[in-house]
Amino acid sequence: MWGTNARDAHPIFFHHVLKGIRNGAKVYSVDPRRSSTAKWADAWLGIHVGSDISLANAIGNEIIEAGLVDEEFIRRATVNFEAYKELVAKYPLERAERDSGVPKELIRQLAHDYARADRAQICWTLGITEHHNAADNVLALINLSLLTGHVGKYGSGLVPLRGQNNVQGGGDMGAIPNKLAGFQDIELNHDARERFGAKYGVPIPPKKGMHLSQMFDAMARGELTCAYVIGENPMNSEADTHHTRKMLEGLECLVVQDIVLTDTAKVADVVLPGTASWCESEGTVTNSERRVQRVRKAIEPPEGARDDIWIIGELAKRLGFDWGDPSAEDLWEELRELSPMHRGMSYEKLERLGGVQWPCPDEESEGTLFLHGRLWEEDPAKRGAPAPFHPVEQDDPLDTLTAEYPIRLTTGRRLDSYNTGVATNQFSSPLRQKETLNLSPEDAASLGLADDAIAKITSRRGSIAAPVRVDGTLREGLAFMTLHFPDQVEINILTLDTWDPKSGTAEFKATAIRVEKASPEEAAAAIERMTPAEVVT
């Protein structure tokens, strides 16, 4: 479990992990905090924020030095191993211990256990992807799976835990700037562009779009003047809130389509009330294991709300394109026609089998239990293109620690709440606490701050105030907050909006801050802001 507190952030998934633990599975937790997930692990590697690549490279080097690589798999199914071997040789255990703070003997133990395991998985989430080098962090973990052959076979693999329900389905449908539906590359796949162009009666240019971070940059340059936001709350979820607010309020036209009036919707020119797709609409959902399942309408939406498909269709009509009145199944059939990996997934099959994992290329197929099995084929034609090693170097967080900003703030989720609280703050929970700045006992003592004292937290971008909570899961120099309660504490005023050029993800996990006692006026304002929003029962 690398960079994930799955016990709190993915509790249903973690139930399966617990079953594995009870059946004898060994679990390692790589996390700056000794989280509730780490407490279930056989060993906790308390890593310094942002030192993931150094640690992963040292694990790879140790596996190579100990002769534990899967040489036959590497020879047959991969490329670029020698370049990877040369690079990780610069990361002995001693360097990783210095960079990450994890004892070298513990790193060695993890390396040997992972390499020797009959079956092994690496699970990760936002803890390694919300960094300025997010993609390289993931590549460093992929290298380990290739090195040991823990990929493409039952029980082994790479498990990115999705941050939101149906994120996988959104990607499958083409909600990625350089992909058409079915992960067909819009720039490189000429045949796919031809198929889509023929279907829609327009040429599809071989040009990728912008991801969210690029859109905000384009807003700043005055090149993007209109935005249509569906089911997203960037006013609260994007880094550097002052900048985000300025960009959204400066648009010539902002349209928001959502099920509640988010802070983003409050500044919109037009708000389109959609439906809760999990219970008020027909369609499909794809989970983290690529399993496509049917979603059935259970209740009628509230008065005034409209199905998202209907809203988009009506907008098209007003723009001069009448698409008729397609149902969710009509659109699914269109997808099957255009996406080879979905072609064999009829509604009838999805219902009969209780879900199907893509790729499912034809009517005879019942889906694919696990990915990348082709890498184990003896026949080169069936094996296909080899999987490349990607040598990547350690790259420290951009928001550096200094005497002025000596504490590293990282962010995450709590069990009872979700992201900016749009969905979860509508109801009370006996588990819920007000937002706090969690500090290590050492830092709290040195700053003279106890539980519930109001602290002023300052980064290079701004200041906020929040109550303190002394947290024994944190080490000295590390602080923790969540994004759940922007009405109480706008944490993203602090965060850095510099983003990874490969993935577009901002560096939410590694903010440099200064903490001090709030003035009486600042404390009073913070308490006033937080009091109305408390929902503890």
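Here we summarise the structure given alongside this text. The structure displayed is predicted, hence computed values, not measured ones.

Quick word on the pattern of salt bridges
Two side chains with opposite charge may pair up if their charged atoms get near one another.
Next, step 1: Per the stated rule, a full pass over the model turns up 36 salt bridges.
Next, step 2: The salt bridge partner of D118 is R119, with a shortest N-O separation of 3.8 Å.
Next, step 3: What makes D118 exposed here is its relative accessible area of 62%.
Next, step 4: Look at the salt bridges and you will find they share partners, linking E72, R75, R76 and E378 into a network.

Brief notes about the environment of N137
Next, step 1: Mapped onto the elements of the fold, N137 is located in helix α9 (residues 134-148).
Next, step 2: Residue class for N137 comes out buried when judged on its relative accessible area of 3%.
Next, step 3: Taking C-alpha positions, N137 is 14 Å from I47, a pair spaced 90 residues apart along the chain.
Next, step 4: Excluding residues that lie within four positions of it along the chain, N137 makes contacts with D52, I53, I128 and H131.

Here we look at the packing of aromatic side chains
Next, step 1: What the rule picks out here adds up to five aromatic pairs.
Next, step 2: Feature note: the residues F81, Y84 and F389 constitute an aromatic cluster, connected by ring pairs.
Next, step 3: Directly above the aromatic system of F480 lies the positively charged group of R33, at a separation of 3.7 Å from the ring centroid.

Things to note about the state of the cysteines
Next, step 1: Per the stated rule, a full pass over the model turns up zero disulfides.
Next, step 2: Summary of cysteine pairing: C253 is not part of a disulfide, and the nearest cysteine sulfur, belonging to C226, is at 4.1 Å.
Next, step 3: On the basis of relative accessibility, which here comes to 26%, the residue C253 falls in the partly exposed class.

So, how was this worked out
- Residues numbered from 1 in each chain as written.
- Predicted model: local features only at pLDDT ≥ 70, side-chain atom pairs only at ≥ 80, totals over all residues.
- Heavy atoms only, no water.
- Salt bridge = Lys/Arg side-chain N within 4 Å of Asp/Glu carboxyl O.
- Buried < 20%, exposed > 50% of the residue type's maximum accessible area, 1.4 Å probe, protein only.
- Helix = DSSP H or I, 4+ residues; strand = E, 2+ residues; numbered from the N terminus.
- Contact = heavy atoms within 4.5 Å.
- Phe/Tyr/Trp six-rings, centres within 6.5 Å; stacked < 30°, edge-to-face > 60°.
- Lys NZ or Arg CZ within 6 Å of the ring centre and 35° of its normal.
- Disulfide = S-S within 2.5 Å.

These figures come from the coordinates and say nothing about function on their own.
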